[in-house]
Amino acid sequence: STTTKDLVVARTNHQVAGRAITFFTRNVLGGWTQQKVVKTNAAGEASFSGKDLALQQWKVTAAKTARTSAAAYEMPQAPAWKQTFVDDFSGTTLGPRWRQRYPNQWLPGRTCSYSSPSRVAVGGGAVYLTTKRFSSSRPSSVRGKKASTATFKKNCKDASGKAYVYQSSGLDTATHDTHAFSLSTGVVAARAKFSTLPGQHASVWLPAPRAKGTEIDIIESNGAYRNTKKTFRALVAGVYYGSKGKVQETVSQKAATWAKSYHVYSVEWTRTQYIFRIDGKVVVRTSKGATTAPHHIALTNFVADWEIRQNNGKPATATFDWVKAWQ
């Protein structure tokens, strides 16, 4: 369902699971009306979602436990986020705020893959981004800097043991034209479904202009890719900041989980922290790399040199049902 729901989250200072959190809203008489009792998870958080919750003023009380005393907190009245971007990919063409990302160009820093607009399709209320084995020789029509023949043959062997060029796909809302979209803080969410095939990765992320500053990876799907320790690395969320800084959280070890149905992936980005969620549940929270520099939205699916050896050449498609942003 694409019905919009608001999320209310209470976070306690103690990581105690099972602590009862009672949520209240301010009523018209100036008092408080109880709305929900939710028990905390292992991280000490309690949350629930519903319609028309954002404009309410909230109070929470936390029950006494063997480790903690009772506590209460009244949230100041705050303005709700205002939706400033929405695309549900109706019709058969991209909306005016999207552009092809590196069309018919070698992907920067990649040897084996170029971005092909032919691998982007819109229809049935979704946009589809695909990777596909293309050729054992590199086409001369692709623009940009390409690696030497020796490097190509060394880096681009897929699961067949032979070097191949792969077509990849990507969209973004980069800020070079009048239809562009960017934000400096806010919430960005996408409803998506990913492929289980290894050797490619699809992402919803927020690049900074000219690849400088913090990279905000709302979600990155690696399919059934196995790392050097032979363990799965299906979904990753987090940020890259500075020259080598990063905060990453591997979300799931089972790629099939994320291919069976759509899930909503989001980041809440403030001046001091990032909160990453899947279907409303917090998976990463960090203050590292905090920034208010403008970022744009990107949807990508491509084949990188580090993962191509696990690619069997079959088309792998990431499906995006909608993308929304609030500021």
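All of these numbers come straight from a predicted model, not from anything done at the bench.

**Remarks on the sheet that holds strand 6 (residues 71-74)**
Line of reasoning, step 1. What the 4 strands build is an open sheet, ordered 3-2-5-6; its pairing is antiparallel. Edge positions in the sheet fall to strand 3 (32-39) and strand 6, since each has one partner strand and no second. On average, each strand axis in the sheet is tilted by 20 degrees relative to the strand beside it, whichever way the strands run.

**A closer look at the packing of aromatic side chains**
Line of reasoning, step 1. Applying the stated criterion across every chain yields a total of 14 aromatic pairs.
Line of reasoning, step 2. Relative to Trp-98, the ring of Phe-85 has its centre 5.7 Å away and its plane inclined at 90 degrees; by these criteria the two rings are edge-to-face. With Phe-85 in strand 7 (residues 83-87) and Trp-98 in the loop between strand 7 and strand 8 (99-100), this pair connects stretches of sequence that are 13 residues apart. There is no split in this pair, since Phe-85 and Trp-98 are both buried.
Line of reasoning, step 3. Taken together, a centroid distance of 6.2 Å and an interplanar angle of 80 degrees make the contact between Phe-194 and Phe-320 edge-to-face. On the criterion of sequence distance, the pair formed by Phe-194 in the loop between strand 14 (186-193) and strand 15 (201-206) and Phe-320 in strand 23 (residues 316-326) is long-range, its members being 126 residues apart.
Line of reasoning, step 4. Site record: aromatic cluster; members linked through ring pairs are Phe-85, Phe-89, Trp-98 and Phe-181.
Line of reasoning, step 5. In this structure, Lys-193 packs its charged tip against the face of Tyr-262, placed 4.9 Å from the ring centre.
Line of reasoning, step 6. One residue, Lys-324, lies across the ring of Trp-322, its end atom 4.4 Å from the ring centre.

**Section: the state of the cysteines**
Line of reasoning, step 1. Evaluated as defined, the whole model comprises 1 disulfide.
Line of reasoning, step 2. There is a disulfide in this structure between Cys-112 and Cys-156, and the S-S distance comes to 2.1 Å. As the torsion about the S-S bond is roughly -90 degrees, the Cys-112-Cys-156 disulfide counts as left-handed. Taken as a pair, Cys-112 in the loop between strand 9 (105-106) and strand 10 (113-115) and Cys-156 in the loop between helix 1 (149-155) and strand 13 (165-172) lie far apart in primary sequence, 44 residues in all.

What counts, and at which threshold
- Residues numbered from 1 in each chain as written.
- Predicted model: local features only at pLDDT ≥ 70, side-chain atom pairs only at ≥ 80, totals over all residues.
- Heavy atoms only, no water.
- Pairing = 2+ DSSP bridges.
- Helix = DSSP H or I, 4+ residues; strand = E, 2+ residues; numbered from the N terminus.
- Axes fitted to C-alpha atoms, helices over the stretch in contact; angles between N-to-C directions.
- Phe/Tyr/Trp six-rings, centres within 6.5 Å; stacked < 30°, edge-to-face > 60°.
- Buried < 20%, exposed > 50% of the residue type's maximum accessible area, 1.4 Å probe, protein only.
- Lys NZ or Arg CZ within 6 Å of the ring centre and 35° of its normal.
- Disulfide = S-S within 2.5 Å.

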